Amino acid sequence: MVVDTRTQKIRFIKPEKSALDMIIIDEHIEETIIEIVDEKTSPEFATDIICRKNSRVQYVCAFLDAKAGGLKNKRSITIEDGVELTSTYFYFGGETCEAHNHFRIHGRARVNHKVLFFANNSQTFNIQENFEFQKPDSFGRFIVKGLTANEAESKYVGNIAINPGAQKTDSRLEIHSFILGTRAKSQMVPQLQIEANNVKAGHAATLSRLDDEQLFYLRSRGLKKNEAAQLFIEGIFYDAVMKIQDQKTVHHIMDTVRKKYSTL
């Protein structure tokens with residue numbers, strides 16, 4: 001792949017009143033895109049993202065806050081031939097959050113996608129993602145990690161769909177959800193829909209409570225229970241956040257994690 005390194009840049013996107021946003025990454029370009037969704041964003045909007053052939057993209061999207069009544073976002077992500085996409089979505093804000101993401105993955109593409117969420121108080125998160133492989137020789141790794149606390153409810157549905165023409169696809173979906181407290185609810189649903197006979201596809205899901213057993217190792221190093229819990233929670237987000245090139249965004253996301261933890 002030939003990438004025009006002269007066009008490398010960071011593009012900041014902050015949707016406000018638009019009901020439809022279209023984001024295009026041109027061919028052979030290496031680019032980082034950081035999208036911040038907050039209380040100024042329209043409560044219901046759609047996003048079309050197109051990664052043109054042979055582009056190399058890091059995409060960060062952070063749902064930090066929302067207007068009263070919640071947030072609904074539906075987005076279509078088209079990944080053309082030869083694209084390398086690393087995307088990370090953070091879900092924090094909104095009394096309710098409805099997110100529907102459809103990835104259309106063409107041939108010889110490589111996609112590494114992460115979702116991290118933290119629902120607390122009485123928040124309700126419903127995140128649905130469909131990873132549709134349309135052409136052969138593509139690779140996908142999809143990882144979801146989340147925390148649900150207080151009286152919050154979270155649901156994640158992830159579906160890997162491999163079309164008949166997408167032979168030699170290599171894909172896997174992993175979901176790890178942690179519950180804090182006795183009243184929080186979380187439902188994680190991994191799915192496979194395979195219509196090709198020469199592919200690798202798999203999924204795994206875990207759902208566990210953050211309790212003394214989970215924190216035993218940290219507490220055995222002399223940390224108090226609340227210190228161990230905070231360190232564990234920050235660690236879930238830390239690895240993904242540290243790969244973001246903009247330090248202001250890094251601090252903003254980690255400050256949001258700490259603020260949410262402080263309300264537990």
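See the structure above.
Now for a description of the structure that goes with this document. (Residues numbered from 1 in each chain as written. Predicted model: local features only at pLDDT ≥ 70, side-chain atom pairs only at ≥ 80, totals over all residues. Heavy atoms only, no water.)

## Quick notes on the packing of helix H2 (residues 225-241) against helix H3 (residues 247-262)
One way to put it is that H2 packs onto H3 with a least axis distance of 10 Å and a crossing angle of 150 degrees. By the criterion of interaxial angle, the relationship of H2 to H3 is roughly antiparallel. Both H2 and H3 take part in a crossing whose hand is right-handed. Of the residues in H3, those in contact with Asn226, Ala229, Gln230, Ile233, Glu234, Phe237 and Val241 of H2 are Val250, Ile253, Met254, Val257, Arg258 and Tyr261. Here the residues of the contact of H2 with H3 sort into nine nonpolar, two polar and two charged. (Axes fitted to C-alpha atoms, helices over the stretch in contact; angles between N-to-C directions. Helix = DSSP H or I, 4+ residues; strand = E, 2+ residues; numbered from the N terminus. Parallel < 35°, antiparallel > 145°, perpendicular 65-115°, else oblique. Left-handed = near helix turned anticlockwise from the far one by under 90°. Contact = heavy atoms within 4.5 Å. Nonpolar A, V, L, I, M, F, W, Y, C, P; charged D, E, K, R; others polar.)

## Here we look at the pairing of strand E5 (residues 56-63)
Taking burial as the measure, the eight residues of E5 include seven buried ones, the bulk of the element. Alignment of strand E3 (residues 29-37) against E5, held across eight bridges, turns out to be parallel. Within E5, the position partnered with glutamate 35 by the bridge is cysteine 61. Here E5 pairs with strand E7 (residues 84-91) via eight bridges, running parallel. Counterpart to valine 60 in the pairing with E7 is threonine 88. (Buried < 20%, exposed > 50% of the residue type's maximum accessible area, 1.4 Å probe, protein only. Pairing = 2+ DSSP bridges.)

## What to know about empty space enclosed by the protein
Counted according to the given criterion, the structure contains one cavity of 30 Å³ or more. Roughly 40 Å³ of internal volume is contained in the largest cavity. Around the largest cavity, the lining residues are Ile49, Cys51, Tyr59, Ile77, Leu85, Ser87, Tyr89 and Phe103. Of all elements in the fold, only strand E4 (44-51) and E7 reach the threshold of two or more residues within the lining of the largest cavity. (1 Å grid on protein atoms, 1.4 Å probe; cavity = no way out; pocket = protein on both sides within 12 Å on 5 of 7 lines; lining within 4 Å. Points joined across faces, edges and corners; volume = space filled by probe spheres on them.)

## Things to note about the layout of surface pockets
Here the largest pocket defines a volume of roughly 610 Å³. Forming the boundary of the largest pocket are 26 residues, of which Glu39, Leu64, Asp65, His252 and Thr256 lie nearest the centre. Residue assignment for the lining of the largest pocket shows that the elements contributing at least two residues are strand E1 (4-13), E3 and H3. With seven residues, H3 is the largest single contributor of residues to the lining of the largest pocket. The class makeup of the residues in the lining of the largest pocket is seven nonpolar, nine polar and 10 charged.

## Description of the state of the cysteines
Inspection of every chain in the model, using the stated rule, returns zero disulfides. You can see cysteine 97 has no disulfide; the closest cysteine sulfur is in cysteine 61, sitting 9.5 Å from it. For cysteine 97, a relative accessible area of 1% translates into the label buried. (Disulfide = S-S within 2.5 Å.)

## Examining the packing of aromatic side chains
In this structure the tally under the stated criterion is 11 aromatic pairs. Here the aromatic rings of phenylalanine 90 and phenylalanine 92 are separated by 6.3 Å at their centres, their planes lie at 15 degrees, and the arrangement is stacked. No difference in accessibility class separates phenylalanine 90 from phenylalanine 92, as the two residues are buried. By way of ring pairs, the aromatic residues Tyr59, Phe63, Tyr89 and Tyr91 are connected into one cluster. The ring of phenylalanine 139 carries arginine 110 above its face, with NZ or CZ at 4.1 Å from the centroid. One Lys or Arg, lysine 260, reaches over the ring of phenylalanine 118 and ends 5.6 Å from the middle of that ring. (Phe/Tyr/Trp six-rings, centres within 6.5 Å; stacked < 30°, edge-to-face > 60°. Lys NZ or Arg CZ within 6 Å of the ring centre and 35° of its normal.)

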